[in-house]
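Remarks on the overall topology
These are the residues of each chain, in order.
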Amino acid sequence: MNSLAILLSIILSFVYSEEIQSDPNGYIIFCPCMGRFGNQMDQFLGALAFAKGIGRTLVLPHLVEYPDRFSSSVQIPFQSYFKAEPLAEYTKVILMDDFMKNLAPKVWPKGNRTVFCYMSRGNANDCAAKDGNPFGPYWDKFGVDFDKSEFYAPLSFDPNFEKHRLEWKKRFPAEKYPVLAFTGAPGAFPVIETNVPLQKYIKWSDMIDFKADKFINQFKNDPKEKFIAIHLRNGIDFKRACEHVKTSKTNFFASPQCLGYSQENGEMTEELCYPSEKTIFN
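Residues numbered from 1 in each chain as written. Predicted model: local features only at pLDDT ≥ 70, side-chain atom pairs only at ≥ 80, totals over all residues. Heavy atoms only, no water.

Enumeration over the complete set of coordinates arrives at three disulfides. The partner cysteine of Cys31 in its disulfide is Cys33, sulfur to sulfur 1.6 Å. What sets the handedness of the Cys31 and Cys33 disulfide is the S-S torsion sign, and at about 65° it is right-handed. Side by side, Cys31 and Cys33 carry an identical accessibility label, which is buried. Here Cys242 connects covalently by a disulfide to Cys273, the sulfurs 2.0 Å from one another. Around the S-S axis, the bridge from Cys242 to Cys273 shows a dihedral of about -80° and counts as left-handed. (Disulfide = S-S within 2.5 Å. Buried < 20%, exposed > 50% of the residue type's maximum accessible area, 1.4 Å probe, protein only.)

Pasting the structure below:
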């Protein structure tokens with residue numbers, strides 16, 4: 001029995017030593033509440049850079065979806081779409097569920113949760129962080145209510161601004177604010193040029209890879225056959241959005257992919273923004 005007790009003690013010591021340790025530099029948590037999948041991931045790259053820039057651990061958010069059969073948004077775990085491990089090669093990260101279960105009770109307890117926004121929202125004198133969809137449903141998913149609002153104006157999220165990067169640490173030290181919880185993603189939309197290379201750390205989950213391969217193989221008669229897939233944003237909403245091109249030739253959404261961030265490859269056109277069937281099929 002003594003030997004068994006010693007063995008059990010060793011095992012328990014090992015298990016507890018492997019527990020998630022809190023980051024003394026603090027955490028960043030946010031709701032990816034702007035737009036759908038593409039917009040959310042655009043801003044995510046900025047949030048990734050921001051977290052690394054100020055030395056905090058990034059809590060990987062659930063992604064927000066709007067299924068037709070639901071009256072509200074639904075929250076999909078980050079790891080359903082992407083792997084966390086490659087992101088950890090760039091900066092400190094933790095999954096949302098792991099953070100809320102293992103760390104939040106200690107570093108971000110109920111009754112002491114502050115939310116951050118640039119300025120007051122609407123007519124309220126606070127961030128109104130849970131007003132509307134997807135804001136309310138997102139935080140409710142994790143049982144989060146906020147007790148206080150903090151405004152961070154005029155700071156930006158771009159860590160390339162050394163003055164702002166240092167000011168974040170000075171105004172909101174981890175000792176007093178162990179968690180910076182934002183009403184929206186702490187990153188620019190569209191993604192700024194310096195953050196574009198971070199996409200190399202975004203790797204699809206095994207489940208998505210499997211589904212993609214299965215889908216692609218349905219259309220291949222020969223394993224060596226190659227084809228091109230295009231993503232067309234040609235709904236009525238985007239047609240209306242492209243109306244502005246008649247008066248402005250500046251970059252729009254993800255157009256820097258084609259035109260360059262300084263439009264060194266050309267200017268925006270109506271045909272580029274909302275291509276005709278002739279352009280699509282020819």
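Right, let's talk about the environment of Met268 for a bit. Note on placement: Met268 falls in the loop between helix H10 (256-259) and helix H11 (270-273). It is 7.0 Å that separates the C-alpha atoms of Met268 and Val245, two residues lying 23 residues apart in sequence. For Met268, the contacting residues outside a window of four places in its chain are Val245, Lys249, Thr250, Phe252, Ser255, Leu259, Gln263 and Cys273. (Helix = DSSP H or I, 4+ residues; strand = E, 2+ residues; numbered from the N terminus. Contact = heavy atoms within 4.5 Å.)

Looking now at a nonpolar patch on the surface. The grouping of Phe215, Ile216, Phe219 and Phe227 at the surface amounts to a nonpolar patch, some 400 Å² of accessible area in total. With respect to the secondary-structure elements, Phe227 resides in the loop between helix H8 (206-217) and helix H9 (236-241). Residue classification places Phe227 among the partly exposed residues on the basis of a relative accessible area of 44%. (Patch = residues over 30% accessible without salt bridge, like charges linked within 9 Å, V, L, I, M, F, W, Y side chains within 5 Å. Areas by Shrake-Rupley, 256 points an atom, 1.4 Å probe, with all protein chains shown as cover. Salt bridge = Lys/Arg side-chain N within 4 Å of Asp/Glu carboxyl O.)

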